Amino acid sequence: NKATLFDQTEGAPITFEDVAGLDEAKEEVEEVVQFLKDPQRFTKLGGKLPKGVLLVGPPGTGKTLLAKAVAGEAGVPFFSLSGSDFVEMFVGVGAARVRDLFKQAKEKAPCIIFIDEIDAVGRSRGRGAIMGGNDERENTLNQLLVEMDGFNTDKGVILMAATNRPDTLDSALLRPGRFDRQILIDRPDRRERAAIFRVHTENLTLSPDLDVELLAGQTPGFAGAEIANVCNEAALLAARDGKDAVEMIDFERAIDRVIGGLEKKNKLISPDE
Ligand code: ATP
């Protein structure tokens, strides 16, 4: 599987409106949007933009969504690849894939390259040696570093990456001229959860009793992905009962289900992995 190209210039692009909350993060990436819209305007004055923006935060908090929205707002293509795609690959394949990704991106510039779970490939070199079979990952990481050094932002390519384990990243990745900007994407607070509920109930037929503020209060600790899940589940439950609109009680049942699912997951996964 090659790098997936999502052409955000086609169809309905994802925009900042689809991303609820995360106001500070949106403000920080706005500069990237302006740059991608008109790279020359920035480079003319001699300013240098960050090559790489690292989005740091727990799973499901909207890191991928935000990166897609940057591409959507700027109207540029979005190339995406997951770090885990590089794991357990044959010799040379990972590095070749990185080379190919940058080559494709340069041809389509201005554009965004997004690497999800960058920790899978960007883990500190040498640390995993006891596990065996890490040379290939290191080759891939080295190739990524080479590619990052080999282009400048004048070409109009911005690299974005996401991780929930910034502590494990090789320090070479975080050096100036590489991922020199980090943006924290935290779990939503109550106000932000209400906003996420609003986004994900927009296309549902809702009963008048629906109160997103109340739902936000019932979902402490939920990430955006879980809230999206609750909204969908609620709509399915209501439909299954033959209702014409999704009611508060459906959301409450859906919340219970999602909490149940999370508890099961926590039991199965040891805190270490
Ligand atoms: P991971 O680290 O697991 O890849 P992520 O941080 O990249 O997670 P996304 O894939 O962006 O999370 O989020 C998953 C889904 O959750 C999104 O497609 C969206 O439906 C919903 N979601 C998450 N955060 C938000 C948000 N702030 N506003 C609206 N929807 C959100």
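Summarised in this report is the structure supplied together with it. Quantities reported herein were computed from a predicted structural model and do not represent experimental measurements.

### Digging into the overall build of the chain
No. 1: Within the chain, the secondary structure is distributed over ten helices and six strands.
No. 2: Split into buried and exposed, the 273 residues of the chain put 47% on the buried side.
No. 3: Long-range contacts, defined here as pairs at least 24 residues apart, represent 78% of the contacts in the chain between residues at least 6 apart.
No. 4: Within the structure as shown, the chain displays about 14,100 Å² of accessible surface, and the carbon and sulfur contribution to it stands at 49%.

### Notes on the pattern of salt bridges
No. 1: In total, this model carries ten salt bridges according to the counting rule given.
No. 2: Across the pair Arg165 and Asp167 runs a salt bridge, and its minimum N-O distance is 4.0 Å.
No. 3: The class for Asp167 is exposed, based on a relative accessible area of 56%.
No. 4: The residue Arg198 makes a salt bridge to Glu213 at a minimum N-O spacing of 2.8 Å. With Arg198 in helix H7 (residues 190-201) and Glu213 in helix H8 (residues 212-217), this pair connects stretches of sequence that are 15 residues apart.
No. 5: By relative accessible area, which is 41% here, Arg198 ends up partly exposed.
No. 6: The class of Glu213 is partly exposed, set by a relative accessible area of 41%.

### So, the site of the ligand
No. 1: Near the ligand you find 16 residues, and of these Ala20, Gly60, Lys63, Thr64 and His200 are the closest.
No. 2: Within the backbone of Gly62, one N or O atom sits 3.1 Å away from an oxygen atom of the ligand.
No. 3: Lys63 places a side-chain nitrogen or oxygen 2.9 Å from an oxygen atom of the ligand.
No. 4: Mapped onto the shell around the ligand, the elements with two or more residues apiece are helix H3 (63-74), H7 and helix H9 (224-240).
No. 5: For the shell around the ligand, a count of residues per class yields seven nonpolar, six polar and three charged.

Basis of the calculations
- Throughout this document, residue positions are counted from 1 along each chain, in the order its sequence is written.
- Selection of residues for local features in this predicted model requires a pLDDT of at least 70, selection of side-chain atom pairs for listing and counting requires 80 or more, and totals for whole chains, interfaces and linings are taken over all residues.
- Side-chain figures throughout are based on the complete set of non-hydrogen atoms in the structure, without hydrogens or water.
- Helix and strand assignments come from DSSP, with helices taken as H or I runs of at least 4 residues and strands as E runs of at least 2, each series counted from the N terminus.
- A 1.4 Å probe rolled over the protein chains alone gives each residue an accessible area, and that area as a share of the maximum for its type sets the label: buried under 20%, exposed over 50%, partly exposed in between.
- By definition, residues are in contact when any of their heavy atoms lie within 4.5 Å.
- For the area figures, the Shrake-Rupley method with a 1.4 Å probe applies, and any residue is considered shielded solely by the protein chains shown.
- Salt bridges are defined as contacts in which a side-chain nitrogen from Lys or Arg sits within 4 Å of a carboxyl oxygen from Asp or Glu.
- Nearness is defined per residue: one heavy atom within 4 Å of the molecule or strand is enough.
- In protein, a polar contact means a hydrogen-donor-capable atom and an acceptor-capable atom, both N or O and within 3.5 Å, with residues adjacent in sequence counting only if both atoms are side-chain atoms; elsewhere, any N or O pair within 3.5 Å suffices.
- Note that Gly is not counted as nonpolar here; it falls among the polar residues with everything else outside the nonpolar set of Ala, Val, Leu, Ile, Met, Phe, Trp, Tyr, Cys and Pro and the charged set of Asp, Glu, Lys and Arg.

That is the geometry; function is a separate question.
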